[in-house]
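This is what each chain is made of:
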Amino acid sequence: MDILTEISERLQQGDDERVSELTAKAVEQKVSPKRILDEGLIGGMNVIGEKYKAHEIFLPQVLLAAKAMYAGMDVLRPLFVKEGMPNIGKVVIGSVQGDLHDIGKNLVGIMLKGAGFEVIDLGNDVAPERFIRTAEREGANVIGMSALLTTTMPVMKRTVELLKGEGLAGKIGIIIGGAPVSEEFAQQIGADAYGYDSTNAVESVKRLVRAKT
Amino acid sequence: MREILEIAADEARPDQDSVLETQGIPPGAELSKEVKGLLERASDLFLESSRPGAVVADASIPEFEVVYKGKGLNEADTPLDVIFRKADGLALFAVTVGQEVTEKIDRLFKTNDFALGAMLDSVASAGTDRAADIVEKQYSDLLSEQGKTFRSKGVLRFSPGYCGWHMSGQEKLFEFLRPEDIGITLLESYLMKPLKSISGVLVAGDKEIFLFDDSYPFCSECRSRSCRRRIKTLLGESRSDERKGAV
């Protein structure tokens, strides 16, 4: 079996130790790190994403695969020191100011990284200014905000308004998610997209990145 | 009456289905060896790192009216506003499984152990609910001992942030209940710390007073609709006091 296929398959099984070993072996065999990343690791995560979307597997299996992907990325990271890890876009994520729930946001971050995005995770309790300053400084394509409390949803609106007020809405997209948030709310506050779960969020971010670049 | 209750971690350990439900896994689904292993490990970690506790304090209807009114931000028309006025007994409560379990979840995510971290989060959430169920049951038993409940009566809990009761109601609830004594504090956003905590009011009364249609405007935004299941349980349609399949 081709080593990249083997990496992809072991990743799908959530075998992080084997993925780490195989990634190192592929590097030794002079396979390009970019190919290992795209065809082995991201390729495996894409299969996992599709299976999850089709309800063939459940969240724990997705997260085990993600751990295996991170194990492979740890091997590749030193090889991309000069130019940084290749990515298909940059996303700043966080739970909004006043909100300390971050499991949902973490899952979205994991899935975004699995799809090949660079993710800057600001954690929780993030103020609108911090989202925007970070996205601007890092040249991010998208800001992803999460809220689990109805009381913290207005922070999302303030962030959208601030982004528009600073004339950055054309460059940086905004996606929102979280239990009390809906498609209607996203439209109402002028956000570009709403992600109802982690896989849907990844698809929306891909669309947004295409639209904003 | 104001009482601090200790709950054993094993008692708060939730059943498998309620944990898997929060992971999006339907009841009866075939679980892989890996998922079963995660569930067992998360359950063990919950037993090690949770410190369940609760505080309960009786409130009269006029006292609760002040708590419920809070900052005046509730929806104009809510089921609780009707129900509590018909209650035979009311008690404010707060329950937590402690801070250590949340810290453990954070550490697991930081070390890329996402699947175990997410599973422990689900066990801890379901465990907090289970601890609240225990408090509800103890309150019911207490009223029963006092001869205040019989078969046609029941106890149901409501929390700020749900069913039209605004989150800001937490402020008055905390003033009255003082859950700081069991380590629960209120943040500016009305969120509780530890995160895995539940607060609210226990309402005791005739089972009929709890019946309401889920057609309030805010019901359409509610994803859990757990009121339906809890009312059904209260009415005895699916009640079982026996513990089934604890993880």
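All figures in this text were calculated on a predicted structure; none of them were measured in a lab. (Residues numbered from 1 in each chain as written. Chains lettered and ligands numbered in written order. Predicted model: local features only at pLDDT ≥ 70, side-chain atom pairs only at ≥ 80, totals over all residues.)

(A) Focus on helix H6 (residues 128-138) of chain A. All names here are of chain A. Every buried residue of H6 is accounted for by Pro128, Phe131, Ile132 and Ala135. The buried residues of H6 occupy an angular sector of 90 degrees when projected down its axis, which confines them to one face. Looking at the buried side of H6, the elements it contacts are strand S1 (90-95), strand S3 (142-146) and helix H7 (153-165). At the exit of H6 stands Gly139, carrying a positive phi of roughly 65 degrees. (Buried ≥ 20, exposed ≤ 12 C-beta atoms within 10 Å, placed from the backbone. Helix = DSSP H or I, 4+ residues; strand = E, 2+ residues; numbered from the N terminus. Arc of directions from axis to C-beta. Contact = placed C-beta atoms within 7 Å.)

(B) Fine view of the confidence of the model for chain B. All names here are of chain B. Residues with a pLDDT of 70 or more make up 94% of chain B, whose mean pLDDT is 90. A low-confidence stretch, residues 237-245 (pLDDT under 50), is modelled with 9 contacts involving residues beyond four sequence positions or located in other chains. Model confidence for the complex: the whole-complex pTM is 0.88, and ipTM, which rates the interface, is 0.85. (pLDDT = per-residue confidence, 0-100.)

(C) Representation of the pairing of strand S4 (residues 173-177) of chain A in the model. Residue and element names in this part refer to chain A. The buried count for S4 comes to 5 of 5 residues, which makes it a mostly enclosed element. Of the two faces of S4, the one carrying Gly173, Ile175 and Gly177 and the one carrying Ile174 and Ile176 are both buried. By the bridge criterion, 5 bridges tie S3 to S4 in an arrangement that is parallel. In the sheet register, Ile143 faces S4, and the bridge partner there is Ile174. (Pairing = 2+ DSSP bridges.)

(D) Representation of helix H4 (residues 59-76) of chain A. The terminal C-alpha atoms of H4 of chain A lie 26 Å apart, and with 18 residues this matches the ideal 26 Å at 1.5 Å per residue to within 8%. For H4 of chain A, the buried fraction is high: 16 of the 18 residues fall into the buried class. (Expected span 1.5 Å × (residues − 1).)

(E) Representation of the nonpolar core. Ranked by internal contacts, the top residues of the largest apolar core, which has 134 residues, are Ala54, Phe93, Leu120 and Val203 of chain B. The element best represented in this core is helix H7 (residues 114-145) of chain B, accounting for 14 residues. Structurally, this core is a two-domain feature, drawing no fewer than three residues from each of domain 1 (3-80) and domain 2 (90-212) of chain A. Look past the residues within four positions of Val203 of chain B in its chain and what remains in contact with it is Ile83, Phe84, Ala87, Leu90, Val155, Leu156 and Phe158 of chain B. (Core = buried A, V, L, I, M, F, W, Y, C linked by C-beta atoms within 7 Å. Domains from an automatic or database assignment.)

(F) Looking closely at the sheet that holds S4 of chain A. Residues and elements named next belong to chain A. With parallel pairing, the 5 strands of this open sheet are ordered in space as S2-S1-S3-S4-S5. A single partner strand is all that each edge strand has here, and the edge strands are strand S2 (118-121) and strand S5 (193-194). With 5 bridges connecting them, S1 and S3 associate as parallel partners. When the bridges of S3 are listed, Val91 appears paired with Val142. Of the strands in this sheet, S1, S3, S4 and S5 touch helix H9 (residues 198-212), which is tilted by about 170 degrees from S4. (Axes fitted to C-alpha atoms, helices over the stretch in contact; angles between N-to-C directions.)

(G) Quick look at the packing of helix H1 (residues 3-12) of chain A against H4 of chain A. Residue and element names in this part refer to chain A. In contact at an axis separation of 7 Å, H1 and H4 are set at 140 degrees when each is read in the N-to-C sense. The orientation of H1 relative to H4 falls into the category oblique. Contacts from Ile7, Arg10, Leu11 and Gln12 in H1 reach Ala65, Ala68, Met69 and Gly72 in H4. Class assignment for the residues of the contact of H1 with H4 results in 5 nonpolar, 2 polar and 1 charged. (Parallel < 35°, antiparallel > 145°, perpendicular 65-115°, else oblique. Nonpolar A, V, L, I, M, F, W, Y, C, P; charged D, E, K, R; others polar.)

(H) View of the interface of chain A and chain B. Listed as interface residues are 24 residues of chain A and, on the opposing side, 24 residues of chain B. Within the residue set of the side of chain A that touches chain B, elements represented by two or more residues are H4 and helix H5 (103-114) of chain A. Looking at the side of chain A that touches chain B element by element, the count peaks at 8 residues for H4 of chain A. By residue class, the composition of the side of chain A that touches chain B is 13 nonpolar, 9 polar and 2 charged.

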